[in-house]
Amino acid sequence: MTFCTATPPSMSGSGDDLYGPRSSDQVNGDGTCTNFSGTIAHTTVVPLGGSTELYVPFFYCFVVSKRAAVLIHEARHANGVMHDDDNFDSSWEYNGAWRWEVCWLAWFANLCPNASPPMKQAAVDRANIILGRDFTRDPGFRIGPTGIAFQVPILQVGTPILQNDAATNFTFGVADYDGHGRPDLYCFKHQNTGTGMREIHVLNGADAYQSFLDQIGTPIEQGGPNAPNFTFALGDYDGDGTADVYCLKSTQTGTGTLEVHVLNGADNFQSFLQQTGTPISAQDAEENFAFAVGDYDGDGIADLYCLKLKHTDTGTLEVHVLNGADNFQSFLQQTGTPISAQDAAENFAFAVGDYDGDGMADLYCLKLKHTGTGTLEVHVLNGADGFQSFLTQTGTPISSSDVASNFAKTFGLGDWDDDDALDVYCFKDKSTGTGKLEVHVVRIS
């Protein structure tokens with residue numbers, strides 16, 4: 001080690017703080033001194049050795065846990081592992097110096113036998129600052145007061161839409177509207193619209209949903225007491241790479257069946273790509289089904305997942321997949337699942353996406369109530385075996401009481417953090433901290 005010649009703080013003073021030599025060196029919440037900022041250590045690695053420099057404020061300005069954590073951090077550098085994104089580690093999985101420092105701090109807070117509660121809390125505070133600041137992709141968890149990790153949303157943000165408006169008038173979906181690679185938020189306004197028609201308001205993923213990419217009416221009249229009932233979903237109907245809006249009509253249909261009306265994303269939803277009936281009666285669709293869109297058979301054409309929750313022949317949640325290739329006139333799959341129909345109807349919402357990267361759409365079953373973990377749970381049924389087994393069953397950072405009372409019952413899937421894995425988008429429209437519709441994005445392990 002080489003000690004550099006920075007000017008040390010004066011050793012005079014009352015010495016009345018917990019960790020430093022004087023009151024003027026009181027420790028802040030991030031583990032730094034009031035009177036110091038800057039580099040405290042630096043490691044140089046060369047083929048046959050190297051050195052770590054510890055600057056003088058290291059010895060006087062920092063809590064015990066931070067000083068030790070810095071040594072762990074620099075030891076990782078000394079092993080040849082430097083930061084891979086400027087002064088950041090790209091991800092927790094990179095296993096760089098910031099991860100090593102967090103792990104040591106968590107150990108100190110949880111297991112160090114002689115540390116006082118303030119010392120442990122300083123370690124927790126420092127670890128959480130690193131987790132929130134020093135990774136390009138947020139690891140999606142924080143350290144609790146006892147040193148144990150807990151999940152957090154990787155995005156939690158208000159939007160320009162007021163929560164009362166969102167709760168009363170909107171449903172939601174997620175897709176890339178403008179092809180920039182970031183999931184955008186489609187806000188479908190069904191009633192109380194300015195145009196008198198159902199409206200599509202697209203919030204921009206590139207600025208974390210702070211501005212609109214589009215706000216436009218559609219050819220479908222807005223909802224009301226005597227209006228037909230529509231469910232909206234997103235998928236690419238015609239293979240042009242632009243998300244289209246599937247408007248699923250289950251009352252007042254001309255055919256007496258569930259109807260699929262597909263609005264064309266390429267002309268900003270001003271015309272229909274398809275309008276057709278299906279083999280499912282309108283009454284059955286309205287009373288017993290939920291819906292989602294995804295490519296079941298890998299032909300590049302979005303299919304319609306009709307999820308039967310009540311009055312099923314099997315007594316379980318059933319998946320009935322209508323074939324997009326023949327305009328939803330035949331079934332690609334009709335099967336029961338491991339989830340009971342009663343449980344599905346009372347406690348679940350649904351989305352479709354590829355969880356495990358095998359190219360097959362899986363069924364995300366989001367349990368809102370009566371969960372074993374006390375949180376919103378994600379149960380993913382495996383598309384590869386016809387939805388007969390689970391790929392994952394996990395809790396999330398959102399409590400079941402909160403999600404049941406305060407979140408919209410529509411969820412979205414999108415890769416917010418660009419790690420090639422789908423995250424779950426949850427939309428809080430009541431009791432929000434911001435007074436606005438909030439987007440809470442949860443990473444699923």
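Residues numbered from 1 in each chain as written. Predicted model: local features only at pLDDT ≥ 70, side-chain atom pairs only at ≥ 80, totals over all residues. Heavy atoms only, no water.

J.: Residue-level account of the pattern of salt bridges, with values.
T.: One pass over the structure, following the stated rule, counts 13 salt bridges. In this structure, Arg443 and Asp419 form a salt bridge, with 3.9 Å as the shortest nitrogen-oxygen distance. Taken together, the residues span a long stretch of sequence, with Arg443 in the segment after strand S25 (436–442) and Asp419 in the loop between strand S23 (412–414) and strand S24 (423–428) at a distance of 24 residues. Residues Lys430 and Asp429 are paired through a salt bridge, measuring 3.5 Å at the closest nitrogen-oxygen approach. The exposure class assigned to Asp429 is buried, which follows from its relative accessible area of 4%. (Salt bridge = Lys/Arg side-chain N within 4 Å of Asp/Glu carboxyl O. Helix = DSSP H or I, 4+ residues; strand = E, 2+ residues; numbered from the N terminus. Buried < 20%, exposed > 50% of the residue type's maximum accessible area, 1.4 Å probe, protein only.)

J.: Break down the packing of helix H2 (residues 64–78) against helix H3 (residues 97–111) for me, citing the residues and quoting the values.
T.: Taken N-terminus to C-terminus, the directions of H2 and H3 make an angle of 145 degrees; their axes are 8 Å apart at the nearest point. Both H2 and H3 take part in a crossing whose hand is right-handed. Judged by residue contacts, Ser65, Ala68, Ala69, Ile72, His73, Arg76 and His77 of H2 engage Ala97, Trp98, Trp100, Glu101, Trp104, Leu105 and Phe108 from H3. Broken down by class, the residue content of the contact of H2 with H3 amounts to 9 nonpolar, 3 polar and 2 charged. (Axes fitted to C-alpha atoms, helices over the stretch in contact; angles between N-to-C directions. Left-handed = near helix turned anticlockwise from the far one by under 90°. Contact = heavy atoms within 4.5 Å. Nonpolar A, V, L, I, M, F, W, Y, C, P; charged D, E, K, R; others polar.)

J.: Break down the sheet that holds S25 for me, citing the residues and quoting the values.
T.: Pairing is antiparallel across the open sheet formed by 4 strands, whose spatial order is S6-S25-S24-S23. Only two strands of the sheet have a single neighbouring strand rather than two, namely strand S6 (155–162) and S23. Across the sheet, the axes of successive neighbouring strands diverge by a mean angle of 30 degrees, strand direction being ignored. Relative to S24, S23 is paired through 3 bridges, and the arrangement is antiparallel. Counted as the bridge partner of Gly412 is Tyr425 from S24. (Pairing = 2+ DSSP bridges.)

J.: Outline the environment of Phe387, supporting the account with residue identities and numerical values.
T.: Relative to the elements of secondary structure, Phe387 occurs in the loop between strand S21 (375–381) and strand S22 (390–399). The spatial distance from the C-alpha of Phe387 to the C-alpha of Thr335 is 8.0 Å, given a sequence separation of 52 residues. The contacts of Phe387, once residues within four sequence positions are left out, are Tyr296, Tyr305, Val319, Thr335, Gly336, Thr337, Pro338, Ala361, Asp362, Leu363, Leu381 and Asn382.

J.: Describe H2, and please don't skip the residues or the numbers.
T.: Spanning 15 residues, H2 covers 21 Å between terminal C-alpha atoms, matching the ideal 21 Å at 1.5 Å per step. Inspection of H2 places Ser65, Lys66, Ala69, Val70, His73, Glu74, Arg76 and His77 among the buried residues, and these make up the whole buried set. Each buried residue of H2 lies within a common arc of 165 degrees when the element is viewed along its axis, so the set occupies one face. Taken from the residues just after H2, Gly80 is the one with a positive phi, measuring 95 degrees. (Expected span 1.5 Å × (residues − 1). Arc of directions from axis to C-beta.)

J.: Describe in detail the side chain of Asp244, supporting the description with residues and values.
T.: The residue Asp244 is located in strand S12 (residues 244–249) in this model. Although buried, Asp244 forms no salt bridge, and the nearest oppositely charged side chain, Arg198, lies 18 Å from it. Within the local environment of Asp244, its side chain forms a polar contact with the backbone nitrogen of Gly265, the two atoms lying 2.8 Å apart. Every residue in contact with Asp244, bar those within four places of it in the chain, is listed here: Ala233, Leu234, Gly235, Asp236, Tyr237, Asp238, Val262, Leu263, Asn264, Gly265, Ala266 and Leu273. (Lys, Arg positive; Asp, Glu negative; His and termini not counted. Polar contact = N/O pair within 3.5 Å; in protein donor to acceptor, adjacent residues only side chain to side chain.)

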